[in-house]
Amino acid sequence: MRLVLVGPPGAGKGTQAERMAARLDVPHISTGDLFRANLKEETPLGVEAKRYMDAGDLVPDEVTVAMVRERLTEPDAAKGFILDGFPRTAPQAESLAGLLEEQGLQLDAVVEFVVPDEVVVARLMGRGRSDDTEDVIIRRQQVYRDDTAPLLAFYADRLIRVDAVGTVEEITERVFDALPT
Ligand code: B4P
């Protein structure tokens, strides 16, 4: 199964991706987690990503695409993957399409997590990550509307929309009920 998860910041993509990956036995590939791991190790990539993440902006496409490309060529991704938080821009979507085409592969579905702004703000304020301050959350929501939401039209033929308000368990069941078999 090759899946992409899309949704505004705090929609629960990371939370659901982890559960889905365990059930489907495929790797969970989160660009946010990859950036944070680089940040922790203080790699040049992490240092560069930090200033964008702290401002609520997207890390530049060249950097993000190169990182994902490398991750997707690791052996465990051959059996499938859950891409969490990638693609987030049109150039990222085009590069993913190119990469899959080179390998003769296709995405099985793109799952959109639908959740109102006020719910995500409450969730993120409760989490307390360094990019979870009110100003930065508002900026991330704006970036989502401007750069990421337009991608949903690009994936219209394989888009699954899931109501992401509810308990973590309820949402996982909704996703699995909606996935292609
Ligand atoms: P991400 O790490 O992708 O973070 P996110 O979108 O904010 O969170 P997510 O939707 O995964 O929410 P989560 O499950 O954690 O991005 C962070 C930054 O990295 C971006 O702003 C950007 O700078 C950079 N970046 C990442 N990908 C990029 C790309 N492709 N291109 C460029 N830059 C990129 O859940 C949030 C909270 O809600 C948690 O506390 C969780 O416990 C809680 N929660 C989850 N489900 C819940 C539920 N059902 N009920 C109640 N609480 C719930």
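Residues numbered from 1 in each chain as written. Predicted model: local features only at pLDDT ≥ 70, side-chain atom pairs only at ≥ 80, totals over all residues.

By the naming in an unreviewed UniProt entry, the protein goes by Adenylate kinase and is assigned to Pseudonocardia broussonetiae. UniProt's Subunit (unreviewed entry) comment on the protein is quoted here verbatim: "Monomer." The annotation that UniProt attaches to the protein under Subcellular location (unreviewed entry) is "Cytoplasm". (UniProt positions renumbered as here; feature names shortened; annotations may be inferred.)

A. Representation of unusual backbone geometry. The linkage connecting Phe-86 with the following residue, Pro-87, adopts the cis geometry, with an omega of 0 degrees. Looking at the element boundaries, Pro-87 is found in the loop between strand E3 (81-84) and helix H5 (90-102). Within the chain, Asp-25 stands out as a residue other than glycine whose phi angle is a positive 55 degrees. Take Asp-25: there are 9 C-beta atoms within 10 Å of it, and that puts it in the exposed class. Its identity as a non-glycine residue notwithstanding, Glu-42 has a phi of 55 degrees, on the positive side. Tracing the backbone through its elements, the reader meets Glu-42 in the loop between helix H2 (31-40) and helix H3 (44-55). (Helix = DSSP H or I, 4+ residues; strand = E, 2+ residues; numbered from the N terminus. Buried ≥ 20, exposed ≤ 12 C-beta atoms within 10 Å, placed from the backbone.)

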